[in-house]
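Each chain, written out:
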2 protein chains.
Amino acid sequence: MMNDKPIHKQKLYRLALTPFRLLVSYYIMAVAVVSILLSLPVARQKGADWSAMDAVFVAASSVSVTGLTTVDLSETFTITGIFILIFALQIGGIGIMTISTFFWLIFGKKIGLKQRQLIKTDQNQLNFSGLVSLLRQIVALILLIEVLGALVLGVYYLNYFPTWQEAFLQGLFAAVSATTNAGFDITGQSLIPFARDYFVQFVTIILIILGAIGFPVWIEVKNFLFNKPLKNRFQFSLFTKITTSTYFLLLGFGTIVIIFLEFNGYFVGKSWHESFFYALFQSTTMRSAGLLTLDINDLHHSTVLFMSALMFIGASPSSVGGGIRTTTFALNILFLYHYARGNRSIKVFKREIHQADVIKSLVVLLLAVLLYGISIIILSYTEDASLLAIIFEVSSAFGTCGASMGITADLTNTGKWLLIILMFIGRVGILSFLFIMSSNEKEPDFHYPKERVIIG
Amino acid sequence: MMNDKPIHKQKLYRLALTPFRLLVSYYIMAVAVVSILLSLPVARQKGADWSAMDAVFVAASSVSVTGLTTVDLSETFTITGIFILIFALQIGGIGIMTISTFFWLIFGKKIGLKQRQLIKTDQNQLNFSGLVSLLRQIVALILLIEVLGALVLGVYYLNYFPTWQEAFLQGLFAAVSATTNAGFDITGQSLIPFARDYFVQFVTIILIILGAIGFPVWIEVKNFLFNKPLKNRFQFSLFTKITTSTYFLLLGFGTIVIIFLEFNGYFVGKSWHESFFYALFQSTTMRSAGLLTLDINDLHHSTVLFMSALMFIGASPSSVGGGIRTTTFALNILFLYHYARGNRSIKVFKREIHQADVIKSLVVLLLAVLLYGISIIILSYTEDASLLAIIFEVSSAFGTCGASMGITADLTNTGKWLLIILMFIGRVGILSFLFIMSSNEKEPDFHYPKERVIIG
Ligand SMILES: [K+]
Ligand SMILES: [K+]
């Protein structure tokens, strides 16, 4: 509508016709498989509570790498169950599409155009060429990071856990959970036992950032570092510049605001470095990871609401995170600033933003606000929880963050299904969701006279 | 940015340079005058609590026709004080600009271009010609409606009040409060005493709608009815069609949702017509009037949140109401629908919506969401009230609605000042506010290369 080409002739819209729908089927299939696997008797400890609703919820939460859960993982699953979860986080975090392509590559199958488009949709890449090698690089990198993280944490956890088996299992799970930004824990109380262990927190923060910063950023950094001949004329893309600077600005801003809001609250009597690490860790984790070093219920209402806003914004596109995404937020703010100043174009990093992208970012915001408002009203009708806990829970699901004030297990089935839908939308991205839901009928191409309308 | 002309060369932006700022000065002056008048000893009952903060708050609330108040009007003001309030509602409701133009007209002064622009800004009119006669018609109509309303209610109130003086004072105040959508009351408990009197409610609903439907709609209806020669070829404007249909759709939708949400709550044991009138009246009043026939605290959380959403949307542009306005909401939804279907243009009522208006509606939404989120976080930090009451209060101030869960008087001064700002922004409109705040520096007209970015 706002572009030179009608939207139904634009690339993104054409892609919607089948790949977006195929993507949904794959996600649903993954959720189904994981729920069945988790429901196998071998996956669960004897006597642990377990229902079909739990199975679907935990499966949906792990495939969408959200981390909300209706059961305590450490009290419910056996080691086999935990490895099934790790598997689910991988196919969720790395992306079902990436993995299936990866298998196609391994087994030597040719990747057809349809499959390529499918992958492109999932990882939201703009460059078609080099897609296959990109996927290989992504999978290799993420696995490498996870293994390194597991080793470092496993060795370090020898200080914390009685046996080396337990230390390394905890290390592996923690590394996978952080890198995929899943936010699950098998300690039973997230990272609260390590609230004063800055080393564990530092490693976790690094892993979370590597997962949430977005795959394209990795690839560009790798190209920058290792492609010697290109080095002199190598340029980071506008996308990488915007998403990375927004990511770190939000991280820093979040840290400062949390310190400010809790200065006379949670941080009273705590040293500056303790307060700083609490704020930094929670600011990082609200981007989409969901791990916590404190109990959200101990924080002030205003901090909880601010954190909800951070989760609503979410992580970078083409990352393991959810929410409206950093680029959406950045373009919204840039647009507002330039509109208010009466500027014709949005200039940033010596580039101009394409108008169609600005429109897209506004569509995402509009849809997200509607979704958010309706979800909160529905949950406040069906659930017995406090409004604050509901707002936090909805933000957490949509941002695929997974932090909770502890109401997840007590939700009604309606509430749980709503969260499952929110996690799905948060993970596939709200634009993909819009195109899935919208029909494909074209309207006849004719015009009425234009007429102005008074606005706000 | 999205238009053929750069925004700083567009009409609306040029207007921002002085008239918007002049408008602010006028509003502030009106608030100052009203606070001084209300602070005169003759205006207040002996022994009534009164502070400078109360004076500013009640003055700002009456000039913005919001209706939130930190004191009980019936226990604070004398009859003189009540007439001062009625005066304040007139200059707020009818519009300071309209009144000052009206006085210029009366005293025979010529209206210069600057004054014309100023009026145009306030009433947000697109047609420059016929402005003066438009203003005359508006003022005459609104006064006529108020007088008729006061007569009808005054006579009817003889059943309720011991003396005819009191009946007619109550009738006059109720009529002015409803027509200007101010929502103040001097009964001490809004319209709750008339919760089962459908006649009073019906008259009030009519007066509220006449105030909130927007002045341009009145003028067009009048032209349609009385301009005989034009009748055959008279056409309602696209604006009138959109705003009126949205207004009534929201009113009907609101009634149905309130009935649904309270079916197993507040409406248990009530007859269908009682429930229907409760729902209808509250749905009408949330558009921006703020009068109530029940205590909001008796409603379910979900109903209160839904009502907050209605207040956030607000009334029609160029009316006595606030919020993001009906046209903004309608264009947002139409845009989303057409974008999802891949339509190039937004067609409605056999007209096409101008692209610049769609952009404007998105700017309004974006700004409103930011303002809303930040205000709620700040108030949840400074105030001791429940989150639900805070969300309702912020919506009420921004929507210049005035309904409250009863926390207004207990707010901190920071909270009160924030509400004063929200009432002001709600009343002048968020776009006007944006242009007031934005600087007027033009950026050099050059271009960088465009580059695509991945969104959401
Ligand atoms: K997560
Ligand atoms: K009002």
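Keep in mind that this is a model prediction, so the values were computed, not measured.

Peer 1: Help me out: how do you make sense of the overall build of chain A in this one?
Peer 2: When helices and strands are tallied, chain A shows 18 helices and 3 strands. Here chain A holds 456 residues, and 63% of them are scored as buried. Put simply, 70% of the contacts in chain A that link residues at least 6 apart link residues at least 24 apart. Of the roughly 17700 Å² of accessible surface on chain A, 65% is carried by carbon and sulfur atoms.

Peer 1: Would you explain the coordination of the potassium ion (ligand 1) in this entry?
Peer 2: Where a metal carries four tetrahedral donors, each ideal angle is 109.5 degrees; where it carries six octahedral donors, the ideal angles are 90 or 180 degrees. All names here are of chain A. Only Val65 (O), Thr66 (O), Asn181 (O), Ala182 (O), Ser288 (O), Ala289 (O), Thr400 (O) and Cys401 (O) from the protein reach the potassium ion (ligand 1) as donors, at distances of 2.3 to 3.0 Å. Between the donor residues of the potassium ion (ligand 1), the gaps in sequence give the motif V-T-x114-N-A-x105-S-A-x110-T-C. The two residues Thr400 and Cys401 agree in class, both being buried.

Peer 1: Would you mind going over the environment of Leu169(A) with me for this structure?
Peer 2: Residues and elements named next belong to chain A. If you trace the backbone, Leu169 turns up in helix 8 (residues 164-179). Sequence separation between Leu169 and Tyr157 is 12 residues; the distance between their C-alpha atoms is 9.7 Å. Setting aside chain neighbours within four positions, we find Leu169 in contact with Ile79, Ile82, Phe83 and Ile186.

Peer 1: It is not clear to me how the pattern of salt bridges should be interpreted in this structure. Could you clarify?
Peer 2: A side chain with one charge can pair with a side chain of the opposite charge if their charged atoms come near. Residues and elements named next belong to chain A. This model, assessed by the stated rule, comprises 4 salt bridges over all chains. A salt bridge links Lys360 to Asp357; the nearest nitrogen and oxygen atoms lie 3.8 Å apart. Taken as a pair, Lys360 and Asp357 lie in helix 15 (residues 355-382) at a separation of 3 residues, close to a single helical turn. Accessibility expressed as a relative area gives 11% for Lys360, which makes it buried. Note on Asp357: relative accessible area 0%, which makes it buried.

Peer 1: Even after reading the chapter, I still don't get the packing of helix 4 (residues 79-93) of chain B against helix 8 (residues 164-179) of chain B, so can you show me in this structure?
Peer 2: The relative placement of two packed helices is expressed as an angle between their axes plus a distance between the axes. All names here are of chain B. Helix 8 packs onto helix 4 with a crossing angle of 25 degrees between their chain directions and a minimal axis gap of 10 Å. In terms of orientation, helix 4 and helix 8 fall into the roughly parallel class. By crossing handedness, the relation of helix 4 to helix 8 is classed as left-handed. Seen from helix 4, the contacting residues are Ile79, Ile82, Phe83, Leu85, Ile86, Leu89 and Gln90; seen from helix 8, they are Leu169, Leu172, Phe173, Val176 and Ser177. Tallied by class, residues from the contact of helix 4 with helix 8 come to 10 nonpolar, 2 polar and no charged.

Peer 1: Looking at this structure, I do not really get the confidence of the model for chain A. What am I missing?
Peer 2: Caution applies to low-pLDDT regions: their predicted coordinates should not be interpreted in detail. When pLDDT is averaged along chain A, the result is 80, and 78% of the positions lie at 70 or above. Under a pLDDT of 50 for its full length, residues 1-17 of chain A has, in the predicted model, 49 contacts with residues more than four places off or in other chains.

Peer 1: I'm lost on the nonpolar core in this one. Help?
Peer 2: Soluble globular proteins tend to bury their nonpolar side chains together. Within the largest apolar cluster, 210 residues are counted, with the highest numbers of intra-cluster contacts made by Met286(A), Ile296(A), Met286(B) and Ile296(B). Ranked by the residues each element gives to this core, the list is headed by helix 15 of chain A, at 14 residues. In this view, Ile296(B) contacts Met286(B), Val304(B), Met307(B), Phe392(B), Ser404(B) and Met405(B); residues no more than four positions away in its chain are not counted.

Peer 1: What is the right way to look at helix 15 of chain A in this model?
Peer 2: Each α-helix winds once per 3.6 residues, and so residues spaced three or four apart point in a common direction. The end-to-end C-alpha separation of helix 15 of chain A is 41 Å, in line with the 40 Å expected for 28 residues at 1.5 Å each. Counting buried residues along helix 15 of chain A, 21 of its 28 residues qualify, which places the element largely inside the surrounding structure.

Peer 1: Help me understand the side chain of Thr328(B), please; the structure alone is not making it clear to me.
Peer 2: With respect to the secondary-structure elements, Thr328(B) resides in helix 14 (residues 326-340). A polar contact is formed between the side chain of Thr328(B) and the backbone oxygen of Ile324(B), at a distance of 2.6 Å.

Peer 1: Which parts of the structure should I look at to understand unusual backbone geometry?
Peer 2: Glycine aside, a negative phi is what most residues show, and trans is what most peptide bonds show. One non-glycine residue, Thr400(A), lies in positive phi territory at about 40 degrees. Here Thr400(A) is to be found in the loop between helix 16 (387-398) and helix 17 (413-428). A residue is classified by how much of its surface remains accessible, and Thr400(A), at 0% relative accessible area, is buried. Phi at Val65(B) is positive, roughly 40 degrees, even though this residue is not glycine. The topology assignment puts Val65(B) in the loop between helix 2 (52-63) and helix 3 (73-76).

Peer 1: Looking at this structure, how should I read the packing of aromatic side chains?
Peer 2: Think of a pair of aromatic rings as described by two things: how far the centres are apart, and how the planes are tilted against each other in angle. All names here are of chain A. Inspection of every chain in the model, using the stated rule, returns 38 aromatic pairs over all chains. Arranged with centres 5.7 Å apart and planes meeting at 40 degrees, the rings of Phe312 and Phe398 form a pair that is tilted. You can see Phe312 sitting in helix 13 (residues 301-313) and its partner Phe398 sitting in helix 16, a full 86 residues away along the chain. Among the residues examined, Phe312 registers a relative accessible area of 12% and is labelled buried.

Peer 1: For this particular structure, what's the right way to read the packing of helix 9 (residues 198-212) of chain A against helix 12 (residues 272-286) of chain A?
Peer 2: Residues and elements named next belong to chain A. For the pair helix 9 and helix 12, interaxial distance at closest approach is 10 Å and the crossing angle is 25 degrees. Considering the angle they form, helix 9 stands roughly parallel to helix 12. Read as a crossing pair, helix 9 and helix 12 show a hand that is left-handed. Packed against helix 9, whose contacting residues are Tyr198, Gln201, Thr204, Ile205, Ile208 and Ile209, the element helix 12 presents His273, Glu274, Phe277, Leu280, Phe281, Thr284 and Thr285 at the interface. Tallied by class, residues from the contact of helix 9 with helix 12 come to 7 nonpolar, 5 polar and 1 charged.

Peer 1: Would you take a moment to explain the environment of Val369(B) for this structure?
Peer 2: Here Val369(B) shows up in helix 15 (residues 355-382). The exposure class assigned to Val369(B) is partly exposed, which follows from its relative accessible area of 22%. Sequence separation of Val369(B) and Phe312(B) is 57 residues, and the distance between their C-alpha atoms is 9.5 Å. Not counting the four nearest positions on each side in its chain, Val369(B) is found in contact with Val369(A) and Phe312(B).

The rules behind each value
Residues numbered from 1 in each chain as written. Chains lettered and ligands numbered in written order. Predicted model: local features only at pLDDT ≥ 70, side-chain atom pairs only at ≥ 80, totals over all residues. Heavy atoms only, no water. Helix = DSSP H or I, 4+ residues; strand = E, 2+ residues; numbered from the N terminus. Buried < 20%, exposed > 50% of the residue type's maximum accessible area, 1.4 Å probe, protein only. Contact = heavy atoms within 4.5 Å. Areas by Shrake-Rupley, 256 points an atom, 1.4 Å probe, with all protein chains shown as cover. Donors = N, O, S within 2.8 Å, 3.2 Å for Na, K, Ca; no water. Salt bridge = Lys/Arg side-chain N within 4 Å of Asp/Glu carboxyl O. Axes fitted to C-alpha atoms, helices over the stretch in contact; angles between N-to-C directions. Parallel < 35°, antiparallel > 145°, perpendicular 65-115°, else oblique. Left-handed = near helix turned anticlockwise from the far one by under 90°. Nonpolar A, V, L, I, M, F, W, Y, C, P; charged D, E, K, R; others polar. pLDDT = per-residue confidence, 0-100. Core = buried A, V, L, I, M, F, W, Y, C linked by side-chain atoms within 4.5 Å. Expected span 1.5 Å × (residues − 1). Polar contact = N/O pair within 3.5 Å; in protein donor to acceptor, adjacent residues only side chain to side chain. Phe/Tyr/Trp six-rings, centres within 6.5 Å; stacked < 30°, edge-to-face > 60°.

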